[in-house]
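Okay, here's what each chain looks like letter by letter:
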Amino acid sequence: MFRFFTAGESHGEALVALVSGVPAGVGVEQEFLDRELWRRQQGYGRGGRMKIERDTARILSGVRQGKTIGSPIAILLENKDWKNWQESLPVGEGDPAKHKRVASPRPGHADLAGALKYNFPEARYVLERSSARETAARVAAGAVAKLFLRELGFEVLSHVVAVGAVAVGREVRWEEIAQLHDREEVLLNCADADAEQRMKAEVDKTVEARDTVGGVFEVRAHNVPPGLGTYANWDERLDGLLAQAVMSLQAVKAVEIGSGITAAGAMGSIVHDEIGYAKEGGAFTGFTRTANRAGGLEGGVSNGEDIIVRGYLKPISTLRRPLGSVDFETREPVKAAYERSDVCVVPAAGVAAEAMVALTLARCALEKFGGDSIAETKRTHAGYLEQLKRY
Ligand SMILES: Cc1cc2nc3c(=O)[nH]c(=O)nc-3n(C[C@H](O)[C@H](O)[C@H](O)COP(=O)(O)O)c2cc1C
């Protein structure tokens, strides 16, 4: 059974990702994991934290001689900032005077709800675990999922569709997204150079106003065969699984599959992708579609087109000009606590969402094809593709 967990606090010693259920024999290159972690740290509008951390994945178990061995894979990511925090966040009792309180809950964060839930007198421990630093561990786990999916020819990538009020406003081809992935300098991970410059100006404007900005990223999964997920049970529908996976990312407030949001206001005759059957040199070659507005999913099942999932991010909750709050102790009105923070994280959130989509697809692919070794998985996968060809 394919599963994954993350553990770790934002300013604790390390983050940990645990991935279980990956078949034996999948090649795992450390450089690939580190490159994915690097991608998550990029983007115009990130704050000071990203200058301190340069994440690297230390694989502790489950990989030997460069290949998975079927046992759980544990990955450790050190928090470089730990040296500045070990006295204020010790595992042992430590010196209470060194504790760094989050004295007033920040609106838009888990601070208040979390403190009430766990009965903490202030929000330090809430901040520590609810912080999006946790997405680094998801990206490490997602990198393993991507390496597994690559064995079957699936690719998962993202690009930025909007930052604040600035949107791309045109269709983006898979090849354009793939090119973005090779860039050594990431600005806003937008496939349209002109829109990217306008997005940069939007971030500059936001910084000047000492405010924050949200946006929209899009994740695409390429080369996924029809038949992953099922309409048979509500909790096995691939659209539902992907929506939950992406919605679970910090600051994502809406998830769209294909053109779902505009589809709600359009006529059915415009929305649905008509079906054809292609002929080449007199021979039929397979089913075709006039478009992919469904985002590769119909009835909760992949239909063979690219899977398209968009995440809508609210603006970052920590502002340089803090919003109104209340002191936990005195209950007097104060400005919310400020801790070093990003201004725009849409490209990074897209990379974290790639991880979530890859982890979800890995689970569904293993449910469909099974296999304790990658050779076994590939045999079933190849047999299924053969069946589709003969259909
Ligand atoms: C990659 C990434 C980086 C983030 N960085 C910050 C940050 O530096 N400061 C901040 O206040 N919020 C940041 N956020 C957003 C918060 O984590 C988010 O607003 C918070 O968890 C509350 O949103 P929720 O209700 O969806 O969890 C980031 C989100 C992501 C996805």
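Definitions and cut-offs
- Residues numbered from 1 in each chain as written.
- Predicted model: local features only at pLDDT ≥ 70, side-chain atom pairs only at ≥ 80, totals over all residues.
- Helix = DSSP H or I, 4+ residues; strand = E, 2+ residues; numbered from the N terminus.
- Pairing = 2+ DSSP bridges.
- Axes fitted to C-alpha atoms, helices over the stretch in contact; angles between N-to-C directions.
- Contact = placed C-beta atoms within 7 Å.
- Near = placed C-beta within 6 Å.
- Nonpolar A, V, L, I, M, F, W, Y, C, P; charged D, E, K, R; others polar.
- Expected span 1.5 Å × (residues − 1).
- Buried ≥ 20, exposed ≤ 12 C-beta atoms within 10 Å, placed from the backbone.
- Parallel < 35°, antiparallel > 145°, perpendicular 65-115°, else oblique.
- Left-handed = near helix turned anticlockwise from the far one by under 90°.

Asks: I'm lost on unusual backbone geometry in this one. Help?
Replies: Among all residues except glycine, the phi angle is most often negative; among peptide bonds, the trans geometry is most common. If you check the backbone angles, Arg210 has positive phi at about 55 degrees while not being a glycine. Its identity as a non-glycine residue notwithstanding, Ala251 has a phi of 80 degrees, on the positive side. Tracing the sequence through the fold places Ala251 in the loop between α8 (238-247) and β10 (252-257).

Asks: For this particular structure, what's the right way to read the sheet that holds strand β6 (residues 73-78)?
Replies: In a beta sheet, neighbouring strands pair by backbone hydrogen bonds and run either parallel or antiparallel. Read from one edge to the other, the open sheet built from four strands follows the order β1-β2-β6-β3, with strand pairing classed as antiparallel. The open sheet is flanked by β1 (3-7) and β3 (58-61), the only strands paired with a single partner. On average, each strand axis in the sheet is tilted by 20 degrees relative to the strand beside it, whichever way the strands run. As paired strands, β1 and strand β2 (residues 14-20) are joined by five bridges and run antiparallel to one another. Note on β2: the bridge partner recorded for Ala7 is Val16. Helix α5 (residues 135-151) contacts β1, β2 and β6 of the sheet and is inclined by roughly 30 degrees relative to β2.

Asks: Would you mind going over the site of the ligand with me for this structure?
Replies: Around the ligand there are 20 residues in total, and Ala132, Gln250, Thr318, Ser341 and Asp342 lie nearest to it. With three residues, the single largest contributor to the shell around the ligand is helix α11 (residues 346-369). Classifying every residue of the shell around the ligand gives nine nonpolar, 10 polar and one charged.

Asks: Please clarify how the sheet that holds strand β9 (residues 215-222) should be interpreted in this entry.
Replies: What the five strands build is an open sheet, ordered β8-β7-β9-β15-β10; its pairing is antiparallel. Taken across any chain shown, the strands that pair with only one partner, and hence form the sheet edges, are β8 (166-167) and β10. Examined bridge by bridge, β9 and strand β15 (residues 307-313) share seven bridges and lie antiparallel to one another. In the strand pairing of β15, Glu218 is matched with Arg310. Lying over the sheet, helix α6 (residues 174-181) contacts β7 (155-163) and β9, oriented at roughly 95 degrees with respect to β7.

Asks: I tried to follow α5 on my own but got confused; where do I start?
Replies: A turn of α-helix holds 3.6 residues, and therefore any two residues three or four places apart point the same way. With 17 residues, α5 extends 24 Å from end C-alpha to end C-alpha; this agrees with the ideal 24 Å at 1.5 Å per step. Judged by how many residues are buried, α5 sits mostly within the fold: 15 of 17 residues are covered. Trailing α5 by a residue or two, Gly153 shows a phi angle of about 90 degrees, which is positive.

Asks: Explain the packing of α5 against α11 here, please?
Replies: The relative placement of two packed helices is expressed as an angle between their axes plus a distance between the axes. For the pair α5 and α11, the least separation of the axes is 8 Å and the interaxial angle reads 45 degrees. By the angle class used here, α5 and α11 are oblique. At the point where α5 passes α11, the crossing takes the left-handed sense. Packed against α5, whose contacting residues are Thr135, Arg138, Val139, Ala141, Gly142, Ala145, Lys146, Phe148 and Leu149, the element α11 presents Val351, Ala352, Glu354, Ala355, Met356, Ala358, Leu359, Leu361, Ala362 and Ala365 at the interface. Split into classes, the residues belonging to the contact of α5 with α11 amount to 14 nonpolar, two polar and three charged.

Asks: Teacher, can you tell me more about the pairing of β2 here?
Replies: Looking along a regular strand, one sees the side chains alternate between the two faces of the sheet. Only one face of β2 is buried, namely the one carrying Leu15, Ala17 and Val19, since none of Ala14, Val16, Leu18 and Ser20 on the opposite face is buried. Hairpin geometry of β1 and β2 is characterised by an intervening segment of six residues between the two adjacent antiparallel strands and by a positive phi of about 125 degrees at Gly8. As defined by bridge partners, β2 adjoins β6 across six bridges and the pair is classed as antiparallel. Among the inter-strand pairings, Leu18 is bridged to a residue of β6, identified as Ala74.

Asks: For this particular structure, what's the right way to read the packing of helix α1 (residues 30-41) against α5?
Replies: Axis separation between α1 and α5 bottoms out at 9 Å; the angle between their running directions is 135 degrees. Comparing the axis directions of α1 and α5 gives the class oblique. The crossing of α1 and α5 is right-handed. Contacts between α1 and α5 involve Phe32, Leu33, Glu36, Leu37 and Arg40 from the first element and Thr135, Ala136, Val139, Ala140, Ala143 and Leu147 from the second. Per-class residue counts for the contact of α1 with α5 are eight nonpolar, one polar and two charged.

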